[in-house]
Amino acid sequence: MMTRLHLPDDAAWLPKEWAHLVPYHGAENMMGGVQRRAMTMHSEGEERNCRKGHGWLPEYVNDIDIPYTAMWCGACGYWAQMISMRKAARSLKGGAIVGNGASANKAGQRNIQIMLIGEADARDFTRGKMRRAWVLAEIMDAHRIPWRARATWGPGASRNRAAWLRSGVHGHQHSPAPYEDHTDPGRLNVDALFREARRQQRSRHA
Ligand SMILES: [Zn+2]
């Protein structure tokens, strides 16, 4: 019965049952050019603990014009979506790395930008509860994003352009833009994230 809510291939928006939808008007098109299908993990500036009632945060990032595709609180399982998964998010600007000079966030076919929140006290997001990680799995499968990521996260991660253009899961630290030199969401254990997302997805579909 859970398969009823399986995300359709290439879906632009999460079902309302899965996520609070706060559409941002003014999202830009992806630029194509390279065969890149990626997901980028971010934190929203300062770390934020879960205080439930997250609804103001997607409104806020829309208002200040740096919306993400979606946000996820791993502590309570809250998801919100601001931008169509077929469009470019604005949370990663700069870095003229596609042929026509478009910024890093627009390279390829997909760059789904996820803001991770709710685990400011944990040493990394993946040491937290990762509630409703299955939504992440559904997004990756629907958009054919390969289940692979760089081995090194955090300040030591490669900022090489070729590494950035590889399909898979990246952090903000992988941006090749020179002034995008901070690292978020920190030292994510991406193996733990993948494992938990798949585990929850399988148990829902069983
Ligand atoms: Zn929360």
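You'll find the structure just up there.
Basis of the calculations
- Residues numbered from 1 in each chain as written.
- Predicted model: local features only at pLDDT ≥ 70, side-chain atom pairs only at ≥ 80, totals over all residues.
- Buried ≥ 20, exposed ≤ 12 C-beta atoms within 10 Å, placed from the backbone.
- Helix = DSSP H or I, 4+ residues; strand = E, 2+ residues; numbered from the N terminus.
- Pairing = 2+ DSSP bridges.
- Contact = placed C-beta atoms within 7 Å.

Right, let's get into the pairing of strand 3 (residues 37-42). For a regular strand, side chains alternate in direction, first toward one face of the sheet and then toward the other. For strand 3, a buried count of five out of six residues is recorded, marking the element as mostly surrounded by other parts of the structure. The sheet contact formed by strand 3 and strand 7 (residues 110-117) spans six bridges and is parallel. Residue pairing across strands places Ala-38 opposite Asn-111, the latter belonging to strand 7. Where strand 3 and strand 8 (residues 168-171) come together, four bridges link them in parallel fashion. Pairing of Thr-40 across the sheet is with His-170, part of strand 8.

With that settled, consider helix 2 (residues 134-142). Burial within helix 2 is extensive, with seven of its nine residues counted as buried. Turning to helix 2, the residues buried within the fold contact strand 3, strand 5 (79-81), strand 7 and helix 4 (190-205). Downstream of helix 2 by a residue or two, Arg-144 has a phi angle that is positive, lying close to 55°.

A positive phi is found at Asp-10, a non-glycine position, where the angle reads about 70°. When you line up the elements, Asp-10 lands in the segment before strand 1 (20-21). Among the residues examined, Asp-10 registers 12 C-beta atoms within 10 Å and is labelled exposed. The phi dihedral of Asp-65 falls on the positive side, at around 70°, and the residue is not glycine. A tally of 10 C-beta atoms within 10 Å means that Asp-65 is categorised as exposed.

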